[in-house]
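The lines below spell out each chain.
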Amino acid sequence: MAKDRFGRNIHYLRISLTDHCNLRCVYCMPEDMTFRPNAELMQDDEILILTRLFANLGIDKIRLTGGEPTLRANVVDIVRDISAIKGIRSVSMTTNGLLLTKLAQPLADAGLERVNISIDTLDPDKFKRLTRWGKVNEVLAGIYAAEAAGLTPVKLNAVIVTGYNESDVVPLAGLTAEHPWQVRFIEMMPFAGATEFQLTQMVTAAQIQEQVEVAFGTLEVVNHGKLDGEARLFHLKNGIGDIGFISSVTSPFCASCTRARLTADGILRMCLLREKEVDLLTPLRAGASLDELRDLILDAVWNKPWGHGLADGAIPLNRTMSEIGG
Ligand code: SAM
Ligand code: SF4
């Protein structure tokens, strides 16, 4: 198991399969976002070489993300190949859900275990405004397709944005009364591309929880308050799903972070909210040996930042959120 210098076991790798996306969520990227040419992105064999290397170092949990990971050509084959790597015990995906009606079953058959689907409102007009052109009914169809394919428990990610969807907190939380889903509210974080917007229109997890409790009464704590990944879980009285709060900005969980991130252009990033990165793809393409790549990874892991610096005004401006993948 690869440990950092603070003793954290780094065993969870998020791999971005592409920086491209079929939406332009206002809190994620500018409308006129330009994407990298495919040749600059890791090719299928490069993803597998690096993932095998990570698995040899103790990574056992993979999440595929983007951009929008379902846009990646061969995504089903990539899932199958990653799932077959020795040591990998779980492969999941974060997606906007638009293509799941077509892909949920093939992905499940290829070994995908679960999906997190992003949906910030159930209202078609507000969804369109938040995503700049998305159709919420397509996402809802994707959620049901994921459930039918056994990609469960389905987790739904919602970012609440002042002036856009504050009043959607209650209907989103209310989904857990009737569905065994986990609805997770994520605090908006600042990156490049929409920094001013992200800083000024963030709604805190505490404010969201208050809204939920005004509508439904006091929430019941799940798992004695133990974090589920990065989420604090609760449920509604008589709810069959869970409600999670991810308070990365106001109450960071850095002390228990076990993650690394590999961007679509093959860059290892040890903290979502720190600019420091280590390029793995350039040396791989230049013929570096597996031992040399392994040393680069181990050094990056060892030097994983203790935590983010948002409270001190350190905002990562070298990439948009969509280029890292969340
Ligand atoms: N396209 C996929 C999706 O939307 O689920 C995967 C990539 S997206 C960057 C991953 C997650 O990050 C989504 O749940 C999205 O809502 C969230 N996200 C995007 N920008 C964010 C921001 N500035 N702060 C917090 N979460 C953000
Ligand atoms: Fe695309 Fe996901 Fe970013 Fe929305 S949050 S623009 S769906 S990458």
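Located above this text is the structure these notes cover.
Residues numbered from 1 in each chain as written. Chains lettered and ligands numbered in written order. Predicted model: local features only at pLDDT ≥ 70, side-chain atom pairs only at ≥ 80, totals over all residues. Heavy atoms only, no water.

Teacher, can you tell me more about the environment of Leu140 here?
Tracing the chain through its elements places Leu140 in helix α5 (residues 136-148). Between the C-alpha atoms of Leu140 and Leu98, which are 42 residues apart in sequence, the distance is 8.5 Å. If sequence neighbours within four positions are ignored, Leu140 has contacts with Ile119 and Leu122. (Helix = DSSP H or I, 4+ residues; strand = E, 2+ residues; numbered from the N terminus. Contact = heavy atoms within 4.5 Å.)

How do you make sense of unusual backbone geometry when you look at a structure like this?
Glycine aside, negative phi is the norm for most residues, and most peptide bonds take the trans geometry. Following Gly66, the chain continues into Gly67 via a peptide bond in cis, with omega recorded as 10°. The topology assignment puts Gly67 in the loop between β4 (61-65) and α2 (75-83). Put simply, Thr152 and Pro153 share a cis peptide bond, and its omega is -5°. Relative to the helices and strands, Pro153 is located in the loop between α5 and β7 (155-159). Of note, Asn238 is a non-glycine position whose phi angle comes to about 70°, a positive value. For Asn238, a relative accessible area of 71% corresponds to the exposed category. (Buried < 20%, exposed > 50% of the residue type's maximum accessible area, 1.4 Å probe, protein only.)

In this structure, what is going on with the site of ligand 1? I would like to understand it.
Around ligand 1, the structure places 18 residues, and the nearest of them are Tyr27, Gly67, Glu68, Ser118 and Met189. In this structure, a nitrogen atom belonging to ligand 1 sits 3.1 Å away from a side-chain N or O atom of Glu68. The contact in question runs from an oxygen atom of ligand 1 to an N or O atom on the side chain of Ser118, over 2.6 Å. The set of elements that each furnish at least two residues to the shell around ligand 1 consists of β5 (90-95) and β7. (Near = heavy atom within 4 Å. Polar contact = N/O pair within 3.5 Å; in protein donor to acceptor, adjacent residues only side chain to side chain.)

Can you walk me through the pattern of salt bridges in this structure?
Between side chains of opposite charge, a pair can form when the charged atoms approach closely. One pass over the full model with this rule turns up 18 salt bridges. Of the charged contacts, one joins Arg259 and Glu230 as a salt bridge, the two residues approaching to 3.1 Å between their closest N and O atoms. One end of the pair, Arg259, is in strand β12 (residues 259-262); the other, Glu230, is in the loop between β9 (220-221) and β10 (232-235), and 29 residues separate them in sequence. Overall, the relative accessible area of 6% leaves Arg259 in the buried class. On the accessibility criterion, Glu230 (10% relative accessible area) is buried. Here Asp265 makes a salt bridge to Arg319, at a shortest N to O gap of 3.2 Å. Of this pair, Asp265 sits in the loop between β12 and β13 (267-269) while Arg319 sits in the loop between α10 (290-302) and α11 (321-324), and the two are 54 residues apart along the sequence. For the pair Asp265 and Arg319, one class covers both residues: buried. Sharing partners across several salt bridges, the network here consists of Asp19, Arg36, Glu40, Asp265, Arg269, Glu277, Arg319 and Glu323. (Salt bridge = Lys/Arg side-chain N within 4 Å of Asp/Glu carboxyl O.)

Honestly, α10 in this entry has me stumped. Any pointers?
Helical geometry note: an α-helix holds 3.6 residues per turn, so side chains three or four residues apart project in the same direction. Helix length check: α10 (13 residues) gives 18 Å between terminal C-alpha atoms against 18 Å at 1.5 Å per residue, within 8%. Taken together, the buried positions of α10 are Leu293, Ile297, Ala300 and Val301. Take α10 and look down its axis: the buried residues cluster within an arc of 100°, on one side only. Looking at the packing, one finds that the buried side of α10 touches β1 (2-3), β2 (9-10), α1 (44-56), β13, β14 (277-279) and α9 (281-285). (Expected span 1.5 Å × (residues − 1). Arc of directions from axis to C-beta.)

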